[in-house]
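Structural overview
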Amino acid sequence: MKSVRHLIRDDIRAMSAYQIADVPPSFAKLDAMESPAHPFEGHEALMREWRAQLASAPIHLYPDPAKSGLQEALRSAFDIPDCAAVALGNGSDELIQFITMLTAKPGAAMLAAEPGFVMYRHNAALYGMDYVGIPLNGDFTLNLPAVLEAVRKHRPALTFIAYPNNPTGVCFARAEIEAVIEASDGIVVVDEAYGAFNGDSFLPQAGRIPNLIVLRTLSKIGFAGLRIGYAASCPEVIGELQKILPPYNMNQLSLTTAKLALQHYGIISANIDSLKNERERMFAELGKICRLNAFPSQANFITIRVPDADLLFDTFKQNRILVKKLHGAHPLLEHCLRITVGSPAQNDAVLDIIRQLYCQPTDFL
Ligand SMILES: Cc1ncc(COP(=O)(O)O)c(C=O)c1O
């Protein structure tokens, strides 16, 4: 049997594949910041309209993302400034990949805060960029002096800042990000994957600051299965990005669904509001348990530190709840778990399990 293994790049052979959790359908899936329910659930007329539109979508034709009308729908739903150009990606993951490719000249550096979204570092490795990871402070705030020092020293061509950050949920101070953009000659990507759950955004600045790209996604607001992300920036940058994005990177069914959903944005924003309320309720309840530390989150998940992450993770699993164990991924994440905010019933189940493990009878006296 012939082998082609020797033809594959050594560094890729040494990598391990991204592990998508294998979850039985009966589990509450609280590991990947997906929405707890189908976003159109309970809206029968919309469901019918959606099915009809899908049935007549031209799946025999290649999609034309630029002329699909999705960009216009995004612009009006999210108030993207007219001066900004927009590129669509098959999830913002794809845009992270192609933005990296855009700047990966030999010797170019990428900078990101750590722990952060794992795909930044992964793409730096894939495209041969020098990766500079700057540790956060112990409370997961940005170590701004260290970041600015690294900007001066390494002059990164590309900096990724997740606003709010994943996997910590903490949102850095806006003024700190402005300082990083100001100090950088390179492109700064403000990744607002969780922006809908935060009170602040850099979208109004997109197209106005030459080295700023604002990255967003529909994944966390109910549509992870559609794989739709978008980047807003100056026409100069987006024009270069468009040259390397695959021309048919979106599909007709996703484009059709996203356009329809954005026409009914009230439904999406009601779902976002109830998740934000649930996040606040959970945070308040977790705050009553002295044997754990919940980090303040502006996203649709909460990261907690507990006395024994393995024990809690396994107990969740025995109760058919999957969360993300962060322990072991970075020294700052010792005994941390990341829990997606789910439905009220799922969140109650999470709280019950945590209370059973970590509450002393005296905690509520
Ligand atoms: C910070 C951040 N950026 C980007 C992504 C990618 O999102 P998607 O490819 O689903 O748009 C994620 C997903 O978890 C994320 O956490």
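Quick notes on the rules
- Residues numbered from 1 in each chain as written.
- Predicted model: local features only at pLDDT ≥ 70, side-chain atom pairs only at ≥ 80, totals over all residues.
- Heavy atoms only, no water.
- Near = heavy atom within 4 Å.
- Polar contact = N/O pair within 3.5 Å; in protein donor to acceptor, adjacent residues only side chain to side chain.
- Areas by Shrake-Rupley, 256 points an atom, 1.4 Å probe, with all protein chains shown as cover.
- Helix = DSSP H or I, 4+ residues; strand = E, 2+ residues; numbered from the N terminus.
- Nonpolar A, V, L, I, M, F, W, Y, C, P; charged D, E, K, R; others polar.
- Phe/Tyr/Trp six-rings, centres within 6.5 Å; stacked < 30°, edge-to-face > 60°.
- Buried < 20%, exposed > 50% of the residue type's maximum accessible area, 1.4 Å probe, protein only.
- Pairing = 2+ DSSP bridges.
- Contact = heavy atoms within 4.5 Å.
- Axes fitted to C-alpha atoms, helices over the stretch in contact; angles between N-to-C directions.
- Parallel < 35°, antiparallel > 145°, perpendicular 65-115°, else oblique.
- Left-handed = near helix turned anticlockwise from the far one by under 90°.

With that settled, consider the site of the ligand. Not every one of the 14 residues close to the ligand is listed here, only the nearest: S92, D191, Y194, T217 and S219. Here D93 contributes a backbone N or O atom positioned 2.9 Å from an oxygen atom of the ligand. For the ligand, whose accessible area on its own is 400 Å², the fraction buried by protein is 93%. Per-element accounting of the shell around the ligand gives the leading share, three residues, to helix α4 (residues 92–103). Considering only residue class, the shell around the ligand consists of five nonpolar, five polar and four charged.

Scanning all chains against the criterion turns up ten aromatic pairs. Between F40 and W50 the ring centres are 5.5 Å apart and the planes differ by 80 degrees, which places this aromatic pair in the edge-to-face class. Highlighted residues: F40 in the loop between β1 (28–29) and α2 (44–55) and W50 in helix α2, separated in sequence by ten residues. By relative accessible area, which is 2% here, F40 ends up buried.

Our focus in this paragraph is the sheet that holds strand β13 (residues 336–340). The antiparallel open sheet is built from four strands, whose spatial order is β9-β10-β13-β12. A single partner strand is all that each edge strand has here, and the edge strands are β9 (293–294) and β12 (324–325). Looking at chain direction, strand β10 (residues 301–305) and β13 are connected through five bridges and run antiparallel. Of the residues in β13, the one forming a bridge with T303 is R338. Packing of helix α10 (residues 265–287) onto the sheet brings it into contact with β9 and β10, and relative to β10 it is tilted by some 15 degrees.

Within the secondary structure, G138 sits in the loop between β4 (130–135) and α6 (144–154). For the pair G138 and V23, spaced 115 residues apart in the sequence, the C-alpha separation amounts to 32 Å. Here G138 is in contact with F295 and L332, once residues within four sequence places are set aside.

Orientation of α2 relative to helix α9 (residues 252–263), taken along the N-to-C sense of each, is 150 degrees, at an axis distance of 10 Å. Our classification of the angle between α2 and α9 gives roughly antiparallel. Two packed elements cross with a definite hand, and for α2 against α9 that hand is right-handed. Where α2 approaches α9, its residues L46, E49, W50, Q53 and L54 are matched on the opposing element by L253, T256, T257 and L260. Residue composition of the contact of α2 with α9, by class: five nonpolar, three polar and one charged.

Functional significance is not addressed by these values, which are geometric in nature.
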